[in-house]
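# Fold and contact review
Chain residues, written in single-letter form:
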Amino acid sequence: MPLPPSGPRSTLASLAVIAAICIGATGALAYTAGWLSPDRLTPTKLVDALAPPSGPVPGYRRNHAKGICFTGSFAANGNGTALSRARVFETGAHPALGRFNLGTPDPGAPDTTVRVRGLGLQITADDGAVWRAAMINAPVFPVSTPEAFYELLRVPASKAPNAMAAFVAAHPEFSAFGAWAKSPDWTASYAQEPYNSLDAFLFTDAAGAEQAVRWSFRPEAPPERITPEAFGKRGPASLEQEITDRVATAPQRWTLVLTVADPGDPTADPSRAWPEGRRSVEAGTLVVQRIEPEADGPCRDINFDPTILPDGIRVSDDPFPAARSAAYARSYDLRTAEAKDYPKRTSEAAR
Amino acid sequence: MTPGGKRFTGGQRLLHWSMAACIIAMFFIGVGMVSTVMPTYVPLLATHKTLGVAIFVLALVRLGVRARSGAPPLPADLPAPMRLAAHLSHYGLYGLMFALPLLGWAMLSAGAYPVVLYGGLRLPAILPQNPALHTLLWNAHYYLAFAFFALVLAHVAAALFHALIRRDGVFEAMAPLGSRTGGPSSR
């Protein structure tokens, strides 16, 4: 026999239990979502902190906003298979697309105002596996942790006197990057820059052995040093014109060098270079064959998320790729929603 | 009890409760991953995609099982508005079980993201890359996920209402434990 329906007192108690469960579940979800933790470093906060004082430029990447697309290929020589089973290291030409860019949130920033130059890259292996990377020309990253990077981004907005000096004092690791940023060794070409992963990734070989690796794309074009003053005379957007003309004359090449950590090397801290003399493997050549303006180019709507990795490469204990992935996704979500603010040229012309 | 003390089959109950665990986990993984920059972001995202596909496949199985095995009838004395709410909410739950994984997959496709699950399994893109589609699907995935959470809460509240207040056997029909004849309400 079914039990009789509950009496009024126990009905009230039961309703209270049901309400408590619903409220508790909602609270747990709110807590997990960070709505009760205003101090949590979220992708939204990190991306908002990147914005220049005048606010973000809608439709563009929230950082490395100024850039130009390229297509080409990665010609693997097979040596990389000693470190990773990823198909992209097997001998052959694998299609590549990418983006040369400047480390600025302002797509209109003059070239001379930006020290950091970057390379976004996507290589697709014949099995369809995609490897994306976003690299810069600096030899080390400015800081050790995403939290410190967020602090660094907030320094310009700080009203405290000597905020930058205080930041550097609190983050001594910044000195290596700071020294590089101040050095007068500029070049006048994207083609003459090295592009470094900075972050360490774990490479897994065919036997399953894992090693921590950082990589660099080293330019075949010899760097011709130029002072910032002399570079400034070439105009505010000379880099894009220069690379367009240069690639139209001849494909440009970079050698991919994989550097393997020794035991004890700081894999979790991209602000610290590994000592010289580490085992390195030249895995192949990036060949840039064609330059295309970003507005209609194949790189425009690609998020060069450094955690998009083929089987055979995965993230290490370096905390940055995850933080970058989370922030890049936020930037991508924002700018795709603002696509009308950065119209394609062809569709403009067609209208 | 429901008429004749009829319950869902063991397979149906197993599907229901394992999917319940997966779906509830997905809400927390989803809101957690989009609000963190910690290293857990990477495995959370991979888990979210993998579990999403698992839920979609389980939902397909479940629909087939439901078509074959049916469901115990609701109590005859259940008021008409509650009966209507029960039916509509179940259409909603089934619809969202299918819709959310598909929206997530389509959203990633429209964003030109490779969809890679645990174990290296790669799913093909189901849409071409397109910023407007990406935004539309992102919004749909985000807001419908909260609607799904609210619907699951309503479902839990209704189940407890049947179990604790009406005591009409509806909860026992899907309860994970208890034998066909010896359910807690048939003492």
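Scroll up for the structure.
Now for a quick tour of the structure. (Residues numbered from 1 in each chain as written. Chains lettered and ligands numbered in written order. Predicted model: local features only at pLDDT ≥ 70, side-chain atom pairs only at ≥ 80, totals over all residues.)

Take the overall build of chain B next. The number of helices and strands found in chain B is 5 helices and 2 strands. Order of helices (α) and strands (β) in chain B, N terminus to C terminus: α-α-α-β-β-α-α. Across the 187 residues in chain B, those meeting the buried criterion constitute 30%. Restricting to contacts in chain B with at least 6 residues of sequence separation, those with at least 24 account for 68%. (Helix = DSSP H or I, 4+ residues; strand = E, 2+ residues; numbered from the N terminus. Buried ≥ 20, exposed ≤ 12 C-beta atoms within 10 Å, placed from the backbone. Contact = placed C-beta atoms within 7 Å.)

The number of helices and strands found in chain A is 9 helices and 10 strands. Counting only C-alpha atoms, chain A reaches 90 × 55 × 55 Å along its principal axes. Taken across its 351 residues, chain A has 41% of its residues classed as buried.

Residues and elements named next belong to chain A. Within strand E1 (residues 66-76), 9 of the 11 residues are buried, which leaves it mostly tucked inside the rest of the structure. Bridge analysis of E1 against strand E2 (residues 92-102) gives 11 bridges, and the strand direction is antiparallel. For Ala 76, the partnering residue across the bridge sits in E2 and is Gly 92. Of the strand pairs in this sheet, E1 and strand E9 (residues 280-292) are connected by 8 bridges, and their pairing is antiparallel. Considered in E9, the bridge of Thr 71 is made with Arg 290. (Pairing = 2+ DSSP bridges.)

So, on to the interface of chain B and chain A. Taken together, the contacts link 37 residues of chain B with 41 residues of chain A. Listed by contribution, the elements that provide at least two residues to the side of chain B that touches chain A are helix H1 (10-33), helix H2 (41-69) and helix H4 (131-166) of chain B. Among the elements that take part in the side of chain B that touches chain A, H4 of chain B stands out by supplying 14 residues, more than any other. Taken together, the residues of the side of chain B that touches chain A sort by class into 23 nonpolar, 10 polar and 4 charged. (Nonpolar A, V, L, I, M, F, W, Y, C, P; charged D, E, K, R; others polar.)

Turning to the environment of Met 19 of chain B, a few remarks are in order. Among the secondary structure elements, Met 19 of chain B is positioned in helix H1. Looking at Met 19 of chain B, the number of C-beta atoms within 10 Å reads 18, which means it is partly exposed.

Core analysis: the largest hydrophobic core is formed by 95 residues, its most contacted members being Val 88 and Val 213 of chain A together with Val 37 of chain B. Residue contacts for Val 88 of chain A: discarding those within four places in its chain leaves Phe 74, Ala 76, His 94, Ile 123, Ala 125, Trp 131 and Pro 310 of chain A. (Core = buried A, V, L, I, M, F, W, Y, C linked by C-beta atoms within 7 Å.)

Over its 36 residues, H4 of chain B extends 50 Å from the first C-alpha to the last, a length consistent with the 52 Å expected when each residue adds 1.5 Å. Considered for burial, the residues of H4 of chain B that qualify are Pro 131, His 134, Thr 135, Leu 137, Trp 138, His 141, Phe 148, Phe 149, His 162 and Arg 166 of chain B. Looking at the buried residues of H4 of chain B, the elements they touch are helix H1 (8-32) and helix H8 (320-337) of chain A together with H1, helix H3 (80-110) and helix H5 (170-174) of chain B. Looking one or two residues past H4 of chain B, Arg 167 of chain B carries a phi angle of roughly 50 degrees, positive in sign. (Expected span 1.5 Å × (residues − 1).)

Another point: H2 of chain B. Here H2 of chain B contains 29 residues, and its C-alpha end-to-end distance of 40 Å stays within 8% of the 42 Å for a straight helix at 1.5 Å per residue. Buried residues of H2 of chain B: Tyr 41, Leu 44, Leu 45, Lys 49, Leu 51, Gly 52, Ile 55 and Ala 59 of chain B, and no others. Each element contacted by the buried residues of H2 of chain B is listed here: H8 of chain A together with H1, H3 and strand E1 (115-116) of chain B.

What follows is about the pairing of strand E6 (residues 201-204) of chain A. Residue and element names in this part refer to chain A. Burial along E6 is one-sided: the residues Phe 201 and Phe 203 are buried and none of Leu 202 and Thr 204 is. Sheet topology note: the E6/strand E7 (residues 210-219) ladder contains 4 bridges and is antiparallel. When the sheet's bridge partners are listed, Thr 204 is paired in E7 with Glu 210. Between E6 and E7, which pair antiparallel one after the other, the connecting turn spans 5 residues, and Gly 208 there sits at a positive phi close to 95 degrees. Judged from the 3 bridges that link them, E6 and strand E10 (residues 313-315) form a sheet pairing that is antiparallel. Counterpart to Phe 203 in the pairing with E10 is Ile 313.

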